[in-house]
Structure formats: structure tokens, C-alpha cells
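Okay, here's what each chain looks like letter by letter:
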Amino acid sequence: MSILSVDQYKMIRELPVKSTIENGYDWVIIEGKDGTKRMKVEDFLGNVLRDNLFFDNVGELSASESLTEGSVAYTKGFNKGGDGGAARYEVVYAPAMVTNGYTILPINSRTVLKAILSPDGSVRPEQIGAAGDGNADDIEPIARLLKLDESIEFVSNKTYRITQNITIPNGKYIDFNGTTLFLDKNATINIKNCENITLRNLNVKCNYSGRGIYVNKSKNIEFIDCKFSGIKENENAIEISDSSNIKILDSEFANTTVSGKGLYIHGDTSESVLSDNISIVNCKFDNIKEAISITGLVPVGNVTISNIRILYKNNNSGLVGIDNSVTSSDVTIDNLRIEKGYTGISVGSGSKSNISISNISATDVFEVYNISANKESSVLLGGNHIYSYSGKDTRYIFKNMNAKLFVNASIKNTGYTPLSVYTNLGMVTDYSDPERYMVTDKYTEDLSGTDGTLIIKDFRNCYIDISGDVDLSIINRGIEGQTIELVSSRGRKLKNISSNIVLLESKELTLHKYKGVKFVYINNKWTQIS
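A short tour of the structure in this document, coming up.

Procedures and definitions
- Residues numbered from 1 in each chain as written.
- Predicted model: local features only at pLDDT ≥ 70, side-chain atom pairs only at ≥ 80, totals over all residues.
- Heavy atoms only, no water.
- Helix = DSSP H or I, 4+ residues; strand = E, 2+ residues; numbered from the N terminus.
- Buried < 20%, exposed > 50% of the residue type's maximum accessible area, 1.4 Å probe, protein only.
- Contact = heavy atoms within 4.5 Å.
- Areas by Shrake-Rupley, 256 points an atom, 1.4 Å probe, with all protein chains shown as cover.
- Salt bridge = Lys/Arg side-chain N within 4 Å of Asp/Glu carboxyl O.
- Core = buried A, V, L, I, M, F, W, Y, C linked by side-chain atoms within 4.5 Å.
- Pairing = 2+ DSSP bridges.
- Lys, Arg positive; Asp, Glu negative; His and termini not counted.
- Polar contact = N/O pair within 3.5 Å; in protein donor to acceptor, adjacent residues only side chain to side chain.
- Phe/Tyr/Trp six-rings, centres within 6.5 Å; stacked < 30°, edge-to-face > 60°.

### Brief notes about the overall build of the chain
Next up, step 1: Each helix and strand counted, the chain has 4 helices and 42 strands in total.
Next up, step 2: Taking all 530 residues of the chain together, the buried fraction comes to 49%.
Next up, step 3: Here the contacts in the chain between residues at least 6 apart in sequence split such that 65% fall between residues at least 24 apart.
Next up, step 4: Carbon together with sulfur atoms contributes 47% to the accessible area of the chain, which is approximately 24,200 Å² in total.

Laid out in C-alpha cells, this is it:
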């Protein structure tokens, strides 16, 4: 069929519309270069649509000689029909417009006409050349896509291989619809100096040495329902530096073999900029060597960790659920479930932090807490704590407790060394006044409690090492008939016994490791009974 002239094409388009075509016998008269002829309407319309409106790919569209100003054209794909890049284009007269090969296409050799991508509400990666097969390098089309002002639409179950860094610009809300960005060759997703960004339903497959997503000097950033896998040793799924109001919600971090860090939060040492208001909620960490790491020489502000599950397959050294080694921070941990691993919650020796820990379930963790923090730090235990250890060896809930310890919690312990459920100042039971049990350098009151048990131990090194002998002269009050038991984590002497303490043998008594000595309060004196 001959190609219609512009006027002829417009004439055909303006024919009266009929509700039906009667058995295919409606005819149209065509005036072409080869003369006048008659053609069935359905045949004519099929040829017009095929030859003048629909193209297999953008290459064919650009090569078309039938498109004119005002035309609307459609492609079946970007590189080839059926590749997912089908799109709609509008042809405009724009001599000065620069083509880019994906959203602005040239029309044949006529530089005055351009085909403009006209998305139906959003743009798909395939519409600007992405393959999405996990093998082809999609760095260029994905980078182009992120620069567009239009909304972005991802098709589920696609995998886009990225081999260079990409940057998410300000104000982007992107629902990845479960697609995967395969970060290859050290590629990183950068969010730098940005605000108001949400990434939802994104799968990140890591194959890099460094960062998966790097958030730097940004605020109001959200990651919702994202999944991270393949995190290598010395790598971070998400690194947050000098940023505030960051939320990681309903997300998963999983490795087949244990390695890497899930979340790495810190400040910039060179600029002393504070990271603050970080929320990690409803997240799961499976086989991540350090699930959450808060560290650095610059203070970190408020960090909220809530409804978290951390899973390991063994108790190998170096497996840490939450590590807080930053200079100072305020961390709230609530509803944490951790299974196996070496250390559940660790606070480094140089850290001056305030940490609130409530509603914890720890199963077969080698050591639940290792608090080597600055003695000015404070740890508050609240809510319900359930500790369970099935091994036969001696394990501790607290390996170290150098911080001030406040306890207002219900604690259930199965399998851990019994003494490790005690605090510096008494059994961990129902304490209505947590401040009374704040650890200080000197004991200042009778701490026996109604359960009749008093635990004496070093306030710096918990049950591992008692740093010195203990003065019991302050134990001078009791209830007639009340029994207490004095216990040390290592054999240490009770000395300087006042007249209120009556020993069976002498004025000094050595406490043997984990073997208690009992006293009963009779006639206003504590008298040894075992």
C-alpha cells in the first residue's frame, strides 16, 4: 500500500465514526500515488495502524518517514518488541530540542521533528533501555531513569545489574515492586545531601566490598520493606553517616554464610557531624556478623531499635547482635529476639552511652551482654526478659557490667549461671524504685531485699573478676528472722566486719566462688549460719 500524504491521512482520520462494521463490507476510497482504489475499512485501518502508528522498537520509530507533527506513535519494545519497553510517543515540531536516544528520539533525518516519550503516569526502566535480566549491565538506563522528573514504575521479579555508583536525587519516592538491584563491581547506591526520599520494596543483592546503600549528610530518608543479601566480610548493607531522621522499617538482612554488617551508623570524624533520630523497626537479621553497629569517635544521637529478630547458626567469636562502641549515644532497644551468636548486646569500653533495654528474649547466646562501657554510662533493664541456655558449659547473662545499672524488669532465666541473673546491688526481681539500685562506687544501704538474698560482686567487671575485698559494715539493718546470702564471683574476703555482723569463726570471711554464706538477723545482729 502506498504511504498516504498528510492531508489524506487527516482526511481518513476525520471520517464519520460508525458503531459497527457491517460484515466487513464498508469501503473507503483511497487517493494515492498509484491512483484511486477501493479498500475494505478493516484492511485499511489495519494497514494505517501498522504502518503509521505501531513500531517494533525505537529504532524503527526513529527511521519512520510517515510520522508528522501531532502524530502519536507506539513501540512494542525499546530494543525489540516484547522486551518490556513498549511505550507511547508524541511527535512534535522542535528544531532546537536535543535528542538523548531514550526520552527524546529523532525522526528520520528531519531534525525539526522529535518523538517525545509520553508515559501513562510513570516510566519503566525498560522504556529507556534496561534489560532487567540480571546479566546485562543496566547502569546507564537506571542512572537515566533516576534523573527523570516523572514517577518511576518497576516490574516485579526483574533484576537490574549495576556496575557503577548510582545516586538517588532529592524528593524521590520509588516503589521497586520487589525488583532486585544487583550491585556488582563495588557499585553503591548513594543518597548524599538529600531530603525526603523513600525506597520501598527494594531487593539489594550485594557483590561488592564497601557499602550497599550509603546515606551521607541527608535527612528524612525511609527504607520500607527492603531486603539485602550477599553482604560480604567488611561490608555494610546500609551505612548511615551524619544523617538524621532515618527510618529502616519492615526490612530483612540475610546471608547464606555469616559475614558483614547489616547497619553501620556513625558520625563524620573530620567534621564532627551528629547522626540522630535513627529508627530500626520490625527488621530481621539472619547470619549477619554484626547486625547493627553504632560506632565511631563522633557522638550519635537517639537510636531506636524495636521489634528486631537476630539469628545465628552458631556461637562463633565475633558474632554480635548490637554493637554500641560509639563515643556517646542514647539507644533504646525494645522487643529484641536473638538466637545464638557470641554477644547479644555489646557496649565498648570507650562509650559513654545511655541504653534502655526492655522485653528481650535471648536463646543460647554465648554472652547476652558485654557492657565494658565508661562507668558514666547507664543501662536500664525494663519489661520482660527471658534468657535460655541449653549448653552444659558455664555461660553468663552479663559478662561485663561497668556501667551504672538500673533494673525494673521481670527476668526469667533457664540454663545460664544462676548468679548472672543478679545485679551489682541485689537480685533482679521486682524493683519499683530503679534509682535505688543505681551502681555507685560505694554501697550506702542495706540491699538484702525481701527474698533474703544479697549478691556482692565488683561493680566494674561483673562476675568475671572481683577487683577488691568487700566492706560489709554497711549491712546494719534487717528484719528479725530475715536470712541473707553473701556470694562472690571469685573468692574474696569480707573484712572490717562491724559489731552488727557475727561470724562463727573470725572477723574475716573468705567467700568462695559461687558458694554463698548465709546469715540470719537475730537480736539486731546478722549471725552466720553456714
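### Quick word on unusual backbone geometry
Leaving glycine out, the prevailing phi sign among residues is negative, and the prevailing peptide bond configuration is trans.
Next up, step 1: Positive phi values are uncommon outside glycine, yet Asn-234 reaches one of about 65 degrees.
Next up, step 2: Tracing the sequence through the fold places Asn-234 in the loop between strand E20 (227-229) and strand E21 (236-241).
Next up, step 3: The class for Asn-234 is exposed, based on a relative accessible area of 70%.
Next up, step 4: Unlike most non-glycine residues, Asn-335 shows phi in positive territory, near 55 degrees.
Next up, step 5: Looking at the secondary structure, you find Asn-335 in strand E27 (residues 328-339).

### Looking at the pattern of salt bridges
Next up, step 1: Evaluated as defined, the whole model comprises 11 salt bridges.
Next up, step 2: Residue Lys-219 pairs with Glu-195 through a salt bridge whose shortest N-O separation is 3.9 Å. Of the two residues, Lys-219 is situated in strand E19 (residues 219-224) and Glu-195 in strand E16 (residues 195-200); the sequence distance between them amounts to 24 residues.
Next up, step 3: Close ionic contact of Glu-339 with Arg-309 constitutes a salt bridge, the shortest N to O distance being 4.0 Å. Taken together, the positions of Glu-339 in strand E27 and Arg-309 in strand E25 (residues 302-311) put the pair 30 residues apart, joining distant regions of the chain.
Next up, step 4: With a relative accessible area of 30%, Arg-309 lands in the partly exposed category.

### Details of the nonpolar core
Next up, step 1: In this structure, Ile-191, Phe-223, Ile-248, Ile-280, Phe-285, Ile-333 and Tyr-369 are the most contacted members of the largest nonpolar core, which totals 98 residues.
Next up, step 2: Residue contributions to this core peak at 8 residues, all from strand E24 (residues 276-294).
Next up, step 3: Contact partners of Phe-223, with chain neighbours within four places excluded, come to Ile-191, Leu-199, Ile-213, Val-215, Ile-238, Ile-246, Lys-247, Ile-248, Leu-249 and Ser-251.

### A word on the pairing of strand E22 (residues 244-249)
Next up, step 1: One ladder, built from 5 bridges, connects E19 with E22; its direction is parallel. Residue pairing in the sheet places Glu-222 in a bridge with Lys-247 of E22.
Next up, step 2: Bridge count for E22 against E24 is 5 bridges, and the pairing is parallel. Bridged to Ile-246 within E24 is Ile-278.

### Describing the environment of Ile-174
Next up, step 1: Position of Ile-174 relative to the elements: it lies in strand E13 (residues 173-175).
Next up, step 2: Counting along the chain gives 27 residues from Ile-174 to Asn-201, while the straight-line C-alpha distance between them is 8.7 Å.
Next up, step 3: The contact partners of Ile-174, leaving out residues within four places of it in the chain, are Leu-146, Ile-152, Phe-154, Thr-198, Leu-199 and Arg-200.

### Looking at the environment of Asn-400
Next up, step 1: Structurally, Asn-400 is set in strand E32 (residues 396-401).
Next up, step 2: With a relative accessible area of 13%, Asn-400 lands in the buried category.
Next up, step 3: Taking the C-alpha atoms as reference points, Asn-400 and Glu-367, separated by 33 residues in sequence, lie 9.5 Å from one another.

### Remarks on the side chain of Glu-235
Next up, step 1: Considering the arrangement of structural elements, one finds Glu-235 in the loop between E20 and E21.
Next up, step 2: Buried and unpaired, Glu-235 has no salt bridge, with Lys-232 as the nearest side chain of opposite charge at 5.3 Å.
Next up, step 3: At 2.5 Å, the side chain of Glu-235 forms a polar contact with the backbone nitrogen of Lys-232.

### Concerning the packing of aromatic side chains
Next up, step 1: On inspection of all chains with the given rule, the structure shows 7 aromatic pairs.
Next up, step 2: Here the aromatic rings of Phe-228 and Phe-253 are separated by 4.9 Å at their centres, their planes lie at 5 degrees, and the arrangement is stacked. In this pair, Phe-228 is assigned in strand E20 and Phe-253 in strand E23 (residues 252-266), connecting sequence segments 25 residues apart. Summarising the burial analysis for this pair, Phe-228 and Phe-253 share the class buried.

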